[in-house]
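Per-entry structural report
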Amino acid sequence: MSQKTAWLLYKTDQGLPQLLTKALQQGQFKEVSETHKQDSWNLYWKACGFTHSDYRNVKGWQILNHFPKGNTITRKDSLARCLKRMRMVHGAVYNFFPVSFNLPNDYTKFLSYFTKIQNKKGKQVWICKPQTYLGEGGFFCFNSLSDLLYDGSTVVQRYIDDPYLIGGYKFDLRLYAVVTSYHPLRIYVHHDGLVRFSTEKYVGSMLHNKFAHLTNTSINRNGPNYNLDKERVGAGCKWTVSQLRAYFQQCSIDDRLAWERIKHMISLTILMQANSIPESAKQCIELYGFDIILDRNFKTVAFRGEFYSGFGKRLFSGCKC
């Protein structure tokens, strides 16, 4: 006589994408309505944060997918502010993040630094990242103050103008990490992820060419070269990290130190907010996405961390797996 399958129950405030739903089903989770009155559910997955009441009333067999105060590293302005503070306190260990300023609050400091660097090294490229835009929408590069136009909270950051290129194309990595505990800190970094390419060859002086400077898929899928068979990259604009590592191996490139640096960088970034997470928050998990770029010296630079309440349905579509 076969045993009855013991299902775990989850509920959500929105319909989950297919990838996440499939992962939950493989873990023997079954969905119940968000208005499910009984306390029999095991996982509550929300796009937004939970209330104090949610955290206070969670039962011993239940998990929430956000930590209280766990969003410090998911905002461009607070990430830049915290990394700057950690660099001042702990020194070179936090040198993986480019020099950044939060405008308008830091405008005077930015102007002083901008002028000093320009007088010493000539024109330098910066990137402007408006806080109110999601993804890479609204981003632009500039090397003159006259081109810096913003109408709200904005982060300006030294641009990585010597990125590692494949076939002449710029790329960045999107990697995922799950935090299951802050006290003690416990982080799991997935071995795979996404590699997102620009669709036009990188030319540093062409600052207004978004298809050469930005790697966001939502931008590049509308580029004129998206469907072309591009040198080394092929058609489209996405690989998996596994494919990237296979490429490095084919080129006899030892990438082991770079991946150790990436894991180290992710750990240090998440560690920044550990002190702000209540020790009582034991029944939470958090899924973070990290955008990372390699410079031509194969050093890693973090762009940002983000909350991940769900995955887009087209996340891995177009990858050459």
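Structure first, text after, so check above.
Here's what I pulled together on the structure shown here. (Residues numbered from 1 in each chain as written. Predicted model: local features only at pLDDT ≥ 70, side-chain atom pairs only at ≥ 80, totals over all residues. Heavy atoms only, no water.)

1. Some words on the overall build of the protein
To be explicit about the condition: The way it works is that DSSP assigns letters per residue, a run of H or I at least four long becomes a helix, a run of E at least two long becomes a strand, and they are numbered from the N terminus. In this description the radius of gyration comes from C-alpha coordinates, and the expected globular size is given by 2.2 Å times residues to the power 0.38. Per-residue accessibility, obtained with a 1.4 Å probe over protein chains only, is compared with the maximum for each type, and a residue is labelled buried under 20%, exposed over 50%, and partly exposed between these values.
A count of helices and strands for the protein gives 8 helices and 14 strands. At 21 Å, the protein has a C-alpha radius of gyration in line with the 20 Å of a compact globule built from 321 residues. Its C-alpha atoms give the protein principal-axis dimensions of roughly 75 × 45 × 35 Å. Residues counted as buried form 50% of the 321 residues belonging to the protein.

2. Remarks on the pairing of strand β11 (residues 185-197)
Rules: Any two strands between which DSSP finds at least two bridges are classified as paired.
Here 10 bridges tie strand β10 (residues 169-182) to β11, and the two strands are oriented antiparallel to one another. Bridge assignment links Val-179 to a residue of β11, and that residue is Ile-187. Counting the residues that bridge the hairpin from β10 to β11 gives 2 residues. In this sheet, strand β12 (residues 238-240) lies alongside β11 in antiparallel orientation, the contact comprising 3 bridges. When the bridges of β12 are listed, Arg-196 appears paired with Lys-238.

3. Quick look at the state of the cysteines
As a reminder, the rule being used: Put simply, a disulfide is two cysteine sulfurs that come within 2.5 Å.
On inspection of all chains with the given rule, the structure shows 0 disulfides. Cys-82 forms no disulfide, and the closest cysteine sulfur to it belongs to Cys-284, at a distance of 20 Å. Using a relative accessible area of 9% as the deciding quantity, one classes Cys-82 as buried. Cys-48 supplies the cysteine sulfur nearest to Cys-284, a cysteine that is in no disulfide, at a spacing of 14 Å. Residue class for Cys-284 comes out buried when judged on its relative accessible area of 4%.

4. Let's talk about helix α8 (residues 256-271)
To be explicit about the condition: Each residue after the first adds 1.5 Å to the expected span of a helix.
Between its first and last C-alpha atoms α8 spans 23 Å; for 16 residues at 1.5 Å apiece the expected length is 22 Å, and the two agree. Inspection of α8 places Ala-258, Trp-259, Ile-262, Met-265, Ile-266, Leu-268, Thr-269 and Ile-270 among the buried residues, and these make up the whole buried set.

5. Thoughts on helix α1 (residues 18-26)
Quick reminder of the rule: By construction, the arc corresponds to the directions joining the helix axis to the C-beta atoms. Throughout, a contact is declared for two residues whenever any of their heavy atoms are within 4.5 Å.
Those residues of α1 lying buried are Leu-20, Thr-21 and Leu-24. The arc that holds every buried residue of α1, seen down its axis, measures 100 degrees, which confines them to one face. For α1, the exposed residues lying more than 90 degrees away from the buried face are Gln-18 and Gln-26. Looking at the buried side of α1, the elements it contacts are β1 (8-12), β2 (29-31) and β3 (43-45). Among the residues trailing α1, Gln-28 stands out with phi positive, at a value near 65 degrees.

6. Side note on the sheet that holds β2
Spatial strand order, β2-β1-β3-β4: 4 strands in an open sheet with parallel pairing. The open sheet has two free edges, formed respectively by β2 and β4 (63-64), since each of these has just one partner strand. When β1 meets β2, the two strands line up parallel, connected through 3 bridges. Bridge assignment links Leu-9 to a residue of β2, and that residue is Lys-30.

7. Notes on the environment of Gln-131
Structurally, Gln-131 can be placed in the loop between β6 (126-130) and β7 (140-142). For Gln-131, a relative accessible area of 15% puts it in the buried group. In the structure, Gln-131 is positioned 24 residues away from Val-155 in sequence and 6.9 Å away in space, judged by C-alpha atoms. With near-sequence residues (within four places) excluded, Gln-131 lies in contact with Arg-75, Lys-76, Asp-77, Ser-153 and Thr-154.

8. Observations regarding the pattern of salt bridges
Which entries qualify depends on this criterion: Should a side-chain nitrogen of Lys or Arg be within 4 Å of a carboxyl oxygen of Asp or Glu, the pair is scored as a salt bridge.
Under the counting rule described, the total for this entry stands at 11 salt bridges. Between Lys-59 and Asp-39 there is a salt bridge; the shortest N-O distance is 3.6 Å. Residue Lys-59 is located in the loop between α2 (52-57) and β4, and its partner Asp-39 is located in the loop between β2 and β3; the two are separated by 20 residues in the primary sequence. When its relative accessible area of 29% is taken as the criterion, Lys-59 is described as partly exposed. Asp-39 sits in the partly exposed class, given a relative accessible area of 37%. Measuring nitrogen to oxygen at the nearest pair gives 2.8 Å for the salt bridge that ties Asp-77 to Arg-75.

9. Re a nonpolar patch on the surface
Defined as follows: Note that patches include only residues with greater than 30% relative accessible area and no salt bridge, and the join distances are 9 Å for like charges and 5 Å for nonpolar side chains (Val, Leu, Ile, Met, Phe, Trp, Tyr). To be clear on the numbers: accessible area is Shrake-Rupley with a 1.4 Å probe, and residue cover counts the displayed protein chains and nothing else.
Taken together, Tyr-107, Leu-111 and Tyr-150 make up a surface patch of nonpolar side chains, about 230 Å² in accessible area. Among the structural elements, Tyr-150 can be located in the loop between β7 and β8 (154-158).

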